[in-house]
Amino acid sequence: MAFYLRDQHVTNIILDADTLLQLSNIFGERLTQLHNNIPLDAPSVKKAFFTYIIRFDSKGYKVFSFEELMKYFNQAHVVERIIFTIETGEALSTGRNIGAYLELCLDSKDPNRCTLVSSSDDKDWAEASFAATYEILAKCKTKNGVLRSSWTSLGIQLLGTIVIFIISLLTAVKITPHLTIENPFVISFLFILLILSNIWGYLNQTVLFLIAKLFPNIEFIRPKKAQLHWILQAIVGSAAFAIVLYIVSTAFTFLLSIINEVTKAST
């Protein structure tokens, strides 16, 4: 294994063609620097290669120029993954046990694959390569991680539970007068609550999936194709706000009616 390695997960990044060009330029500079550090009499396996991989619309290509990358990037319906790789012949032949390499993997579907890795027996090259790449990524940060956090999942679960409780309560109040069984309110409330709770178990996963899709960890932006995505984000945000406002209003109205009934009964 190389003497020095830096690696880190890449999270909450938005990238367009200009950012990809900046990353490509950095990788090109690091490739030149790596070759400048190679002695003239060094074996050929010390030579490095710079490649790109782009996966889109369930197919992938390995290309050797930024122009080719952009051709596929612009024609893609959905860009799934882009990988920048600098790798010496030594690293390639040994499964990266030895040799120098620099790789940035940007995967819009699998956050666990989004990594930046730099390794070499030259600590200065590995450190400088990692820092230069990370500096560009740091300028592309988004707040999407907040919406995909465990706290958001908890909030959605609690919100759904509150909605189910209110709907069950209001429905039970309306249908109770039409039932001739013993304890009609309790039975109807528990029955409706049980049904809606099971339905919410499936809907909750769908809501979390939609949030992850609309606010991804890695987002590739093409101006001509990004407008619809931004519109959907705005619609989801507005709908979420409206739903919360409606629930709070309904709950407040219901509590007031209960307080009013209790007051009348006490007088």
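Let's hear about the overall build of the protein: which residues, and what values?
Secondary structure assignment for the protein yields eight helices and eight strands. Relative to its full complement of 267 residues, the protein shows a buried share of 37%. Restricting the contact set of the protein to residue pairs at least 6 apart, pairs at least 24 apart contribute 63%. For the protein, the computed accessible surface area is about 16200 Å², with 65% contributed by carbon and sulfur atoms.

Provide a residue-level description of the side chain of D107, including the pertinent values.
Following the sequence through the fold, D107 ends up in strand β6 (residues 101-107). One polar contact links D107 to R81, side chain to side chain, over a distance of 2.7 Å. Among the polar contacts listed, one links the side chain of D107 to the backbone nitrogen of K109, at a separation of 2.8 Å. Aside from chain neighbours lying at most four places away, what touches D107 is E80, R81, R113, C114 and I218.

Pulling in residues and values, what's your account of the environment of F185?
Note on placement: F185 falls in helix α7 (residues 184-214). Using a relative accessible area of 34% as the deciding quantity, one classes F185 as partly exposed. Sequence separation between F185 and L169 is 16 residues; the distance between their C-alpha atoms is 8.8 Å. Residues within four places of F185 in sequence aside, it is in contact with L169, A172, V173 and T176.

Help me get a handle on the packing of aromatic side chains, residues and values and all.
Within this structure, the stated rule accounts for twelve aromatic pairs. For the ring pair Y52 and F84, a centre distance of 5.6 Å and an interplane angle of 70° mean the geometry is edge-to-face. Of this pair, Y52 sits in strand β3 (residues 48-56) while F84 sits in strand β5 (residues 79-88), and the two are 32 residues apart along the sequence. Residues Y52 and F84 agree in their burial class; the two are buried. When the ring of F165 is compared with that of F189, the centres are 5.7 Å apart and the planes differ by 85°; the resulting orientation is edge-to-face.

Lay out the pairing of β3 with the relevant residues and their values.
Where β3 and β5 come together, nine bridges link them in antiparallel fashion. The residue of β5 that forms the bridge with Y52 is F84. Alignment of β3 against strand β4 (residues 59-63), held across five bridges, turns out to be antiparallel. In the sheet register, I53 faces β4, and the bridge partner there is K62. Following β3, the chain reverses through two residues before pairing antiparallel with β4; D57 in that reversal takes a positive phi of roughly 50°.

Just give me the short version of the environment of A100, but keep the residues and values in it.
Its place among the elements puts A100 in the loop between α3 (89-93) and β6. Expressed as a C-alpha distance, the spacing of A100 and W125, which sit 25 residues apart in the sequence, is 9.1 Å. Once residues within four sequence positions are removed from consideration, A100 is found in contact with L34, I86, E87, T88, A91, S119, S120 and W125.

So what's going on with helix α2 (residues 66-75)? Residues and values would help.
Of all the residues in α2, the buried ones are F66, L69, M70, Y72 and F73. Burial along α2 is one-sided: seen end-on, the buried residues are contained in an arc of 165°. Buried residues along α2 sit in contact with α1 (17-36), β3, β4, β5 and β8 (218-220).

Account for the sheet that holds β6, naming residues and giving values.
The sheet built from six strands is open, its strands ordered β1-β7-β6-β5-β3-β4 with antiparallel pairing. The open sheet terminates on both sides in strands that have one partner only, identified here as β1 (4-9) and β4. For this sheet the average axis-to-axis angle between neighbouring strands, irrespective of direction, equals 10°. Sheet analysis places β6 next to strand β7 (residues 115-120), joined by five bridges and oriented antiparallel. Looking at the pairing, E103 lines up with V117 of β7. Here α1 sits on the sheet in contact with β3, β5 and β6, set at roughly 15° to β5. This element, helix α4 (residues 123-138), spans β1, β6 and β7 of the sheet and lies at about 160° to β7.

Give a description of the confidence of the model for the protein that names residues and reports values.
For the protein, the average pLDDT comes to 84, and 81% of its residues sit at 70 or higher. Here helix α8 (residues 223-266) is the element of the protein with the lowest mean pLDDT, 56, and β6 is the one with the highest, 97.

An account of the pattern of salt bridges is requested, with residue identities and associated values reported.
Evaluated as defined, the whole model comprises six salt bridges. When the shortest N-O distance is used, the salt bridge between R6 and E127 registers 2.6 Å. With R6 in strand β1 and E127 in helix α4, this residue pair connects regions lying 121 residues apart in the sequence. Among the residues examined, E127 registers a relative accessible area of 26% and is labelled partly exposed. A salt bridge links E87 to R96, with the nearest nitrogen and oxygen atoms 2.8 Å apart.

Parameters at a glance
- Residues numbered from 1 in each chain as written.
- Predicted model: local features only at pLDDT ≥ 70, side-chain atom pairs only at ≥ 80, totals over all residues.
- Heavy atoms only, no water.
- Helix = DSSP H or I, 4+ residues; strand = E, 2+ residues; numbered from the N terminus.
- Buried < 20%, exposed > 50% of the residue type's maximum accessible area, 1.4 Å probe, protein only.
- Contact = heavy atoms within 4.5 Å.
- Areas by Shrake-Rupley, 256 points an atom, 1.4 Å probe, with all protein chains shown as cover.
- Polar contact = N/O pair within 3.5 Å; in protein donor to acceptor, adjacent residues only side chain to side chain.
- Phe/Tyr/Trp six-rings, centres within 6.5 Å; stacked < 30°, edge-to-face > 60°.
- Pairing = 2+ DSSP bridges.
- Arc of directions from axis to C-beta.
- Axes fitted to C-alpha atoms, helices over the stretch in contact; angles between N-to-C directions.
- pLDDT = per-residue confidence, 0-100.
- Salt bridge = Lys/Arg side-chain N within 4 Å of Asp/Glu carboxyl O.

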